[in-house]
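Observations on chain architecture
Next come the chains, spelled out residue by residue.
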Amino acid sequence: MIRTDALIIGGGLAGLSAAMALKGRKKTFLAEREVRYGGLAATIRKGGFHFDYSGHLLHLRWPETTRLIMGALGANVRTLRRDARVFAHGRWTPYPFQANLAAMPPAVRSECVAGFLRALAAGGGAPGDGSETFDDWSRRVFGAGISRHFMLPYNAKLWQYPLDRLTTEWCAPFVPVPSPGDIIKGAYGPGASSIGYNAVFHYPRRGGIGALASALALKAGGTHLGIEVERVDLRARRARVRHFGEISFRRLINTAPLDEFVAMCADAPAEVRRAAARLRRNSVYVLNLGARGVRSDMHWGYFPGAAFPFYRAGIASNFSRRLAPDGQASFYIEIATDGRPLDLESAERACVKGLAACGLIRDSRQVTEKMWLKIPCAYVIYDADRARALPVIAGWLKERRARSIGRYGAWKYSFMEESVREGLEAGREILSGR
Ligand SMILES: Cc1cc2nc3c(=O)[nH]c(=O)nc-3n(C[C@H](O)[C@H](O)[C@H](O)COP(=O)(O)OP(=O)(O)OC[C@H]3O[C@@H](n4cnc5c(N)ncnc54)[C@H](O)[C@@H]3O)c2cc1C
């Protein structure tokens, strides 16, 4: 039997960062079931293109992880100023919609401004704390018009979950709430261009976002690819790992989706299993397209309109020219479902039609390459069930001195840098003996 100090489930950014923290200090076994590192932050090559699992851009906010990520990428990184837009009512306006109403038809603009002023007069907006639903929060903060023309249709498409049950703990970092001055200014002239967490971002010059995981994997110890953890017993401190058999461990760090992890834990009590069964998620299908003759230099766009099956589409080759062969561009187009399978053929036709309708391409003859990538667990659903379930599961994991981290291990809406930070913290916790 293999014996290790630390068993890490998953070689995405969270697992790799934990293995980096432990390298040379504790015997570590990192099991990644795929044959590549990076998890969702991986890049697939096809026909001269590099395709990511949709746009994966680095928005860095903390000094230590910024140093680590930028240091790992070295010269292989560039910094870009966002060019993101919204396509609504048949025209483009800069992102965020709520601070760039000037481009909207006059009636829409008046409705949005009047609704916002009414919401402001009624008390205005504060960050969501989870005590109200997204539907209520959006109307209270932005008013009826902005909610009707962007917030509600866009988020209904993205979350695939009723917005009068979706809660708002995730909103503060991700949904910009401009000042009243910025909303009014953007309704009658150019809006502020740097609102929101992603106004500036970083992206590898070569190799797609997968270049980051490859760089981190070089610094991590004890990593194994193509190895799936099938069963865990936290009380006995044993795991069954496909192809390797039994592993005995002292500490465990999980980064696999929390609901799947609990299901594989033989010793999980019934109340913990019941809690995990209440966790919900959506799925995202990413259609990657290669195309000739694309003129736009936009990075990505948001599509609230019902005529578009996708909620967001971007031009990845505008992050890095090396993602596509010379003279071609690469698109990523994101469609969410509530877990139900998507009819790929008709979705593909509708995507190409949508790109033509908003002017990003002329017609399907420009398309040279395509690849679908599916993200079965993409956005975890924030609702009352999640709020009740997480403390039950966390309490049990604490008793067993196990950690579940990362976007899906911790079951939250987070980003790459946060996974790196949680991995480092979890590794250090083991080193400190806590
Ligand atoms: C559509 C979309 C767009 C995004 N865009 C951005 C963005 O622009 N910027 C940003 O910062 N973040 C973005 N993110 C978030 C980002 O992808 C994640 O925060 C981050 O990559 C998660 O890393 P992780 O290690 O926590 O999890 P994962 O990447 O999910 O890694 C978990 C790993 O565990 C492995 N695994 C699972 N089960 C087992 C098992 N039983 N045995 C062995 N291995 C197992 C999986 O194969 C996987 O490699 C986006 C996410 C989505 C869904």
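Each chain carries its own residue numbering, running from 1 in the direction its sequence is written. Local features are withheld for residues below a pLDDT of 70 in this predicted model, meaning they are given only at 70 or higher, and side-chain atom pairs are given and counted only at 80 or more; totals for whole chains, interfaces and linings count all residues. Processing note: side-chain calculations cover all non-hydrogen atoms of the structure and skip hydrogens and water entirely.

**Details of the domain arrangement of the protein chain**
Rules: Throughout the structure description, domain borders are defined by an automatic or database domain assignment.
For the protein chain, the assigned domains are domain 1 (2-43 + 64-74 + 206-279 + 382-431), domain 2 (97-189) and domain 3 (283-375). Each of domain 1 and domain 3 has a C-alpha centre, and the two are 31 Å apart.

**Quick look at unusual backbone geometry**
With glycine set apart, most residues show a phi of negative sign, and most peptide bonds adopt trans. Where we set the bar: Only DSSP runs of H or I with at least four residues qualify as helices, and only runs of E with at least two residues qualify as strands; both kinds are numbered from the N terminus onward.
A cis amide bond, omega 0°, links Tyr-95 with the succeeding residue Pro-96. If you trace the backbone, Pro-96 turns up in the loop between β7 (91-94) and α3 (106-121). Positive phi values are uncommon outside glycine, yet Gln-160 reaches one of about 55°. With respect to the helices and strands, Gln-160 occurs in the loop between α4 (134-159) and α5 (171-174). Unusually for a residue other than glycine, Trp-411 sits at a positive phi of about 60°. Relative to the elements of secondary structure, Trp-411 occurs in the loop between α12 (406-409) and α13 (416-431).

**Things to note about the site of the ligand**
Defined as follows: One heavy atom within 4 Å of a molecule or strand makes the whole residue count as near it. Shrake-Rupley sampling with a 1.4 Å probe provides the accessible areas, and residues are treated as covered by the protein chains on show and by no other component. Residues are grouped as follows: Ala, Val, Leu, Ile, Met, Phe, Trp, Tyr, Cys and Pro are nonpolar; Asp, Glu, Lys and Arg are charged; all remaining types, including Gly, are polar.
With respect to spatial proximity, 34 residues lie near the ligand, and among them Glu-32, Leu-40, His-56, Leu-57 and Met-416 are the closest. Protein contact buries 94% of the 1,000 Å² of open area that the ligand shows by itself. If you list the elements that add at least two residues to the shell around the ligand, you get α1 (13-22), β2 (28-32), α12 and α13. It is α12 that contributes the most residues to the shell around the ligand, three residues altogether. Grouping the amino acids of the shell around the ligand by side-chain chemistry returns 15 nonpolar, 12 polar and seven charged.

**Some details on the pairing of strand β15 (residues 312-315)**
As a general feature of sheets, a regular strand has side chains that alternate between the two faces. Definition in use: Accessibility here uses a 1.4 Å probe with only protein chains present; expressed as a share of the type maximum, an area under 20% marks a residue as buried, one over 50% as exposed, and anything in between as partly exposed. Note on pairing: DSSP must find at least two bridges between two strands before they are called paired.
Where burial is concerned, the two faces of β15 agree: the one with Arg-312 and Gly-314 and the one with Ala-313 and Ile-315 are both buried. Sheet analysis places strand β14 (residues 300-302) next to β15, joined by three bridges and oriented antiparallel. Pairing of Gly-301 across the sheet is with Ala-313, part of β15. With four bridges joining them, β15 and strand β16 (residues 328-337) adopt antiparallel strand pairing.

**Side note on helix α9 (residues 270-277)**
Basically, it comes down to this: By arc we mean the arc of the directions from the helix axis to the C-beta atoms, nothing more. Throughout, a residue-residue contact means that at least one pair of heavy atoms, one from each residue, lies within 4.5 Å.
Residues Val-272, Ala-275 and Ala-276 constitute the buried set of α9. All buried residues of α9 lie within an arc of 95° about the axis, which places them on one face of the element. Among the exposed residues of α9, those oriented more than 90 degrees off its buried face are Arg-274 and Ala-277. Buried-residue contacts for α9 involve α8 (258-264) and α11 (384-399).

**Some thoughts on a positive patch on the surface**
The test is simple: Exposure above 30% relative accessible area and no salt bridge define the residues that can form patches, which grow by joining like charges within 9 Å and nonpolar side chains of Val, Leu, Ile, Met, Phe, Trp and Tyr within 5 Å. Should a side-chain nitrogen of Lys or Arg be within 4 Å of a carboxyl oxygen of Asp or Glu, the pair is scored as a salt bridge. Positive: Lys, Arg. Negative: Asp, Glu. His and the chain ends are not part of the count. Taken as the charge centre is NZ of Lys, CZ of Arg, CG of Asp or CD of Glu, depending on the residue.
Among the surface-exposed residues, Arg-78, Arg-205, Arg-206 and Arg-322 lie close enough to one another that they form a single positively charged patch. A residue is classified by how much of its surface remains accessible, and Arg-78, at 31% relative accessible area, is partly exposed.

**What about the nonpolar core?**
Quick note on the threshold: Definition of nonpolar core: a set of buried residues of the types Ala, Val, Leu, Ile, Met, Phe, Trp, Tyr and Cys, connected through side-chain atoms within 4.5 Å.
Within the largest apolar cluster, 127 residues are counted, with the highest numbers of intra-cluster contacts made by Trp-159, Trp-170, Val-232 and Leu-234. Among the elements that take part in this core, α4 stands out by supplying 11 residues, more than any other. Setting aside anything within four residues of it in sequence, one finds Leu-234 in contact with Phe-249, Leu-252, Phe-261, Cys-265, Asp-267, Trp-396, Leu-397, Arg-400 and Ala-402. Core analysis: the second largest hydrophobic core is formed by 22 residues, Leu-289, Ala-329, Ile-333 and Ile-361 among them.

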